[in-house]
Amino acid sequence: MKINTDLTIVSGNNNPYVGMWVTADGYIRHELLPNGRYDEARGNRKSAYTGSYTITGNHIDYVDDIGFTADGEFRDGILYHAGMILYRESKED
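Calculation criteria
Per chain, residue numbering runs from 1 following the sequence as it is written. Only residues with pLDDT of at least 70 are given local features in this predicted model, and only at 80 or more are side-chain atom pairs given and counted; all residues enter the totals for whole chains, interfaces and linings. Hydrogen atoms and water are omitted, and side-chain values are computed over all heavy atoms in the structure. Put simply, two rings from Phe, Tyr or Trp (the six-membered ring, in Trp's case) pair if the centres are within 6.5 Å, and we call them stacked under 30 degrees between planes, edge-to-face over 60, tilted for the rest. Put simply, DSSP H or I for four residues or longer makes a helix, DSSP E for two residues or longer makes a strand, and each gets a number counted from the N terminus. Accessible area is worked out with a 1.4 Å probe on protein chains only. A residue is then buried under 20% of its type maximum, exposed over 50%, and partly exposed in between. Two N or O atoms count as a polar contact when they lie within 3.5 Å, although within protein this holds only if one can serve as hydrogen donor and the other as acceptor, and sequence-adjacent residues are included solely when both atoms are side-chain atoms. For two strands to count as paired, DSSP must find a minimum of two bridges between them. We define a nonpolar core as any set of buried Ala, Val, Leu, Ile, Met, Phe, Trp, Tyr and Cys residues linked to one another through side-chain atoms lying within 4.5 Å. Note on definitions: a residue-residue contact is assigned when non-hydrogen atoms from the two residues lie within 4.5 Å.

A.B. asks: Please explain the packing of aromatic side chains as it appears in this structure.
C.D. replies: Centre-to-centre distance and the angle between the planes together describe a pair of aromatic rings. For the coordinates displayed, the defined rule picks out 3 aromatic pairs. Relative to Y62, the ring of Y38 lies with its centre 5.2 Å away and its plane at 85 degrees, an arrangement referred to as edge-to-face. Placement of Y38 in strand β4 (residues 37-42) and of Y62 in strand β6 (residues 59-64) is noted, with a sequence separation of 24 residues between them. The class of Y62 is buried, set by a relative accessible area of 3%. By the ring-pair criterion, three or more aromatic residues cluster together here, those being Y17, W21 and F74.

So, in structure tokens, the structure goes:
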């Protein structure tokens, strides 16, 4: 896994935070989709949590599909969410 801390906007994408965010050990994989949805995997459990998100500035609010809410903050290329630290994953060339 290669971690990318560059939050450059990808061509055709107006949200610089869209993409895969992972914990350092790779156990939690949090994908922010361009349609305002997220899909979180934990270990071998795909789609452990799914729901919607909104971003205001560097703050993110989540509402999962059963109504649970959470929030987080992007700082210096890192997502701080619910006591977790997640890093942007980038594909290796």
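Back to the text.
A.B. asks: When you look at the environment of D61 in this model, what are you seeing that I'm missing?
C.D. replies: Following the sequence through the fold, D61 ends up in strand β6. Once the C-alpha coordinates of D61 and G72 are considered, the two residues, 11 residues apart in sequence, prove to be 6.6 Å apart. Only 3.1 Å separates the side chain of D61 from the side chain of H59, close enough to count as a polar contact.

A.B. asks: Sorry, what's going on with the pairing of strand β3 (residues 28-32) here?
C.D. replies: The side chains of a regular strand alternate between both faces of the sheet. Going residue by residue along β3, you find I28, H30 and L32 tucked away on one face and R29 and E31 left uncovered on the opposite face. Summarising the sheet, strand β2 (residues 19-22) and β3 pair through 4 bridges and their orientation is antiparallel. The partner of V22 across the bridge, within β3, is R29. Bridge count between β3 and β4: 5 bridges; the pairing is antiparallel. Counted as the bridge partner of H30 is E40 from β4. Hairpin connection, β3 to β4: the antiparallel pair is bridged by 4 residues, and G36 has positive phi, about 85 degrees.

A.B. asks: Explanation requested: the nonpolar core in the structure shown.
C.D. replies: As a rule of thumb, nonpolar side chains are buried together in soluble globular proteins. Ranked by internal contacts, the top residues of the largest apolar core, which has 13 residues, are W21, L32, Y53, I60, Y62, F74 and L79. Those residues in contact with F74 that lie beyond four places of it in its chain are Y17, W21, L32, I55, N58, I60 and L79.

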